[in-house]
Protein chains: 2
Amino acid sequence: MSILVVGSVALDTIKTPFGACKEELGGSASYFSVAAQHFDKVSMVAVVGTDFPKEHVSFFEGRGINMEGLQIEEGETFRWEGEYGFELGEAKTLSTRVNVFEHFHPVIPENLKDPDYVFLANIDPSLQLEVLKQVESPKFVACDTMNFWISGKKDELLRTIEKVDAFILNDSEVRQLTGEPNLLKAAKNILKMGPRLVLIKKGEHGALLITPDFTFAAPAYPVELLYDPTGAGDSFAGGFVGFMARCDDLSEDSMRLAVMYGTVMASFAVERFGVKRLAELDTFVILDRLKELKKLSEFELQLP
Amino acid sequence: MSILVVGSVALDTIKTPFGACKEELGGSASYFSVAAQHFDKVSMVAVVGTDFPKEHVSFFEGRGINMEGLQIEEGETFRWEGEYGFELGEAKTLSTRVNVFEHFHPVIPENLKDPDYVFLANIDPSLQLEVLKQVESPKFVACDTMNFWISGKKDELLRTIEKVDAFILNDSEVRQLTGEPNLLKAAKNILKMGPRLVLIKKGEHGALLITPDFTFAAPAYPVELLYDPTGAGDSFAGGFVGFMARCDDLSEDSMRLAVMYGTVMASFAVERFGVKRLAELDTFVILDRLKELKKLSEFELQLP
């Protein structure tokens, strides 16, 4: 099935306790699409400046990602600078230069207006709504957001959430959006806002999938080579939406497995800076880690 | 198999966003023993003051817990006062009155010196060593600790860790003890210090069991009725050690299942103040939640 992602493409400058990188290819649409293209055909809609290295466009195209929707605007590409401390938890943002992203309005090319699966990465919810107006009845729409939009554009965000199938966000965002500290109760509150599933990302602690019919608690892969957590969430979404598009089946079993593919892709993403590790994977390596995750969290019932 | 626990018995005054309690029966030995007695025979060694309500002793005895090792000293019982915020994470300690606990030296009664399984709850590691000197070659010793001892009595703690089979601690303590932010690497460092397994408690995020042979990632039960997280860790240890003693088998399968029984007991403990919820359980209720946890984290492998 076809997948459309709308999000950011950025040049990231990052410091972690293990190293540093400068102007590394990043952004939500980049991580998502490199993760998702392992499963199905991805098209990207995003904006970059005229300074954006052409080899990055070739890199995406070389991965089979349709880049017709990449807008190249006069000015500089979105740049983010961040630093992670000892525990590699939340990044400390050192600078954000939005640049051409400030006036971004997603324009979906005519031949991409009929995607089966859509991922609205973390951008202004008004822009997420603009995307939804341009696409023709996709089968499945997932969206992400961040604290900034929850506090600054809550009304628009609620209008977006109402229209999507899956809302993917992290645990602190779930609490912020609902004002409810209990994740399960908070997720059930979000289900009432419209989506048929809520997928809570808990970083190194795994993920929770909550639907009206079932709850699935996915363990995280305990990454020993954790290098840079940037992009883990979007890679997770890439694995999740990618597998959902591939199997094109909204059954409980497929959704559970899709969460595990998300977990797998996130676990790879954090092993190197940028999207490099994701790009070098092949399907067998992905399946090996999935099997490892299965073994990792398995236990047999046996009476005491 | 017989289980011996040495730890604290306290009177806790707690505030959470959902309510408050005053001088509630608490302490590590209390939570552990009420959880563990669902699986096997528990004896407790601890100290209380002359003010300790006799009905609490009867309560323990009524649960079949051997209280011969309870020392009643002139003075007041250990009292802790704490408050939990919105997310029910770390407690803010409002006051700690150590009272009779200050001069506590565990004395194991003659007839209890031959336990099969021992749990050294979070007390001064010098006292944990005193216990180990008094018991005769138990099959399995597990110990817990806290940040206070890691910073204040590290040498004594390392001497304890060297002698135990299982070291049970939370994620921030693992990082503090080893200076290593990556949990998996940190746990492997701890394995080199002596124990044959490290069990990392991650609160609402589940637990990680790390041994030289395998790693097991247990999801937490997403508790909707979360009321008071006090004692969750000791209840977890109670389920873990309790089941290990019950099945008396140190195989990988049993250890994985023991972690899940720990998870189950912790999930019940937090539904009410104190040990009340743990006390009212019966085995079928425990098994039902175990089955629910199995279903919660299960996924079927299927190729993309």
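Here, the structure is the one placed above.
So, here's what we can say about the structure.

Brief notes about the packing of helix 1 (residues 28–36) of chain A against helix 8 (residues 232–247) of chain A
All names here are of chain A.
Then, in step 1: Contact geometry for helix 1 and helix 8: axes closest at 7 Å, N-to-C directions at 40°. Taken together, the axes of helix 1 and helix 8 are oblique relative to one another. Every pair of crossing elements has a handedness; the one defined by helix 1 and helix 8 is right-handed. The residues of helix 8 that touch helix 1, namely those facing Ser28, Tyr31, Phe32, Ala35 and Ala36, are Asp234, Ser235, Ala237, Gly238, Gly239, Val241 and Gly242.

Some thoughts on the relation of the copies chain A and chain B
Then, in step 1: The two copies are related by a screw motion: chain A maps onto chain B through a turn of 180° and a shift of 0.0 Å along the axis, at an RMSD of 0.0 Å. Accordingly, the operation relating the two chain copies is best matched by a two-fold axis.
Then, in step 2: When the interface residues of chain A are mapped onto chain B, 100% of them again fall at the interface, so both copies present the same face.

Observations regarding the interface of chain A and chain B
Then, in step 1: Tallying the contact residues gives 49 residues for chain A and 49 residues for chain B.
Then, in step 2: Both faces combined, the contact of chain A with chain B buries some 4,700 Å², and carbon together with sulfur accounts for 61% of it.
Then, in step 3: Inspection of the chain A/chain B interface yields six salt bridges.
Then, in step 4: We note a salt bridge from Arg175(B) to Glu204(A), for which the minimum N-O separation is 3.0 Å.
Then, in step 5: Counting across the chain A and chain B interface gives 20 residue pairs in polar contact (both at pLDDT 80 or more).
Then, in step 6: Elements with a contribution of two residues or more to the side of chain A that touches chain B: helix 6 (171–178), helix 7 (183–191), strand 13 (215–218), helix 8, helix 9 (252–269) and helix 11 (283–296) of chain A.
Then, in step 7: The biggest single contributor to the side of chain A that touches chain B is helix 11 of chain A, with seven residues.
Then, in step 8: Here the residues of the side of chain A that touches chain B are counted per class, giving 25 nonpolar, seven polar and 17 charged.

Brief notes about unusual backbone geometry
Trans peptide bonds make up the majority, and among non-glycine residues the majority have a negative phi.
Then, in step 1: Even without glycine at this site, Asp248(A) takes up a positive phi of about 50°.
Then, in step 2: With respect to the helices and strands, Asp248(A) occurs in the loop between helix 8 and helix 9.
Then, in step 3: Judged by its relative accessible area of 26%, Asp248(A) is partly exposed.
Then, in step 4: Not every positive phi belongs to a glycine, and Glu23(B) is a case in point at roughly 45°.
Then, in step 5: The residue Glu23(B) is located in strand 3 (residues 19–26) in this model.

Some details on the sheet that holds strand 4 (residues 41–49) of chain B
All names here are of chain B.
Then, in step 1: Spatial ordering of the open sheet is given by 5-4-1-8-9-10-11-12-13, a layout of nine strands whose pairing is mixed. With one partner strand each, in any of the chains shown, strand 5 (66–73) and strand 13 (215–218) form the two edges of the open sheet. Averaged over all adjacent pairs, the angle separating strand axes in this sheet is 15°, with direction ignored.
Then, in step 2: Pairing geometry for strand 8 (residues 117–120) and strand 9 (residues 140–144), over four bridges, is parallel. Opposite Phe119, over in strand 9, you have Ala142 as the bridge partner.
Then, in step 3: Here helix 6 (residues 171–178) sits on the sheet and contacts strand 10 (166–170) and strand 11 (197–201); the angle it forms with strand 10, its principal contact strand, is near 110°.

Digging into the pairing of strand 4 of chain B
All names here are of chain B.
Then, in step 1: With respect to burial, strand 4 is a largely interior element, eight of its nine residues being buried.
Then, in step 2: As judged from the six bridges shared by strand 4 and strand 5, these two strands associate in the parallel manner. Among the inter-strand pairings, Gly49 is bridged to a residue of strand 5, identified as Glu73.
Then, in step 3: Handedness of the crossover joining strand 4 and strand 5 through helix 2 (residues 54–62) is recorded here as right-handed.

Section: the pattern of salt bridges
All names here are of chain A.
Then, in step 1: This structure, assessed with the given rule, holds 38 salt bridges over all chains.
Then, in step 2: For Asp288, the salt bridge goes to Lys291, with nearest N and O atoms at 3.5 Å. Remark: Lys291 and Asp288 occur in helix 11; sequence separation between them is three residues, near one turn of the helix.
Then, in step 3: On the basis of relative accessibility, which here comes to 44%, the residue Asp288 falls in the partly exposed class.
Then, in step 4: Linking Lys294 and Glu298 is a salt bridge whose minimum nitrogen-to-oxygen distance equals 3.7 Å.
Then, in step 5: Given the relative accessible area of 15%, Lys294 is considered buried.
Then, in step 6: For Glu298, a relative accessible area of 29% gives the class partly exposed.

Considering the packing of aromatic side chains
Residue and element names in this part refer to chain B.
Then, in step 1: Overall, the coordinates contain 24 aromatic pairs over all chains when judged by the stated rule.
Then, in step 2: Between Phe32 and Phe119, the aromatic rings sit 4.5 Å apart at their centres with planes inclined by 10°, giving stacked as the arrangement. One end of the pair, Phe32, is in helix 1 (residues 28–36); the other, Phe119, is in strand 8, and 87 residues separate them in sequence.
Then, in step 3: With 4.8 Å between their ring centres and 75° between their planes, Phe148 and Trp149 make a pair best called edge-to-face.
Then, in step 4: The class of Phe148 is exposed, set by a relative accessible area of 52%.
Then, in step 5: Of the residues examined, Trp149 reaches a relative accessible area of 14% and is grouped as buried.

What counts and how
Residues numbered from 1 in each chain as written. Chains lettered and ligands numbered in written order. Predicted model: local features only at pLDDT ≥ 70, side-chain atom pairs only at ≥ 80, totals over all residues. Heavy atoms only, no water. Axes fitted to C-alpha atoms, helices over the stretch in contact; angles between N-to-C directions. Helix = DSSP H or I, 4+ residues; strand = E, 2+ residues; numbered from the N terminus. Parallel < 35°, antiparallel > 145°, perpendicular 65-115°, else oblique. Left-handed = near helix turned anticlockwise from the far one by under 90°. Contact = heavy atoms within 4.5 Å. Least-squares fit on C-alpha atoms with pLDDT ≥ 70 in both. Buried area = accessible area lost by both parts, 1.4 Å probe. Salt bridge = Lys/Arg side-chain N within 4 Å of Asp/Glu carboxyl O. Polar contact = N/O pair within 3.5 Å; in protein donor to acceptor, adjacent residues only side chain to side chain. Nonpolar A, V, L, I, M, F, W, Y, C, P; charged D, E, K, R; others polar. Buried < 20%, exposed > 50% of the residue type's maximum accessible area, 1.4 Å probe, protein only. Pairing = 2+ DSSP bridges. Right-handed = clockwise from strand over helix to strand, strands pointing away. Phe/Tyr/Trp six-rings, centres within 6.5 Å; stacked < 30°, edge-to-face > 60°.

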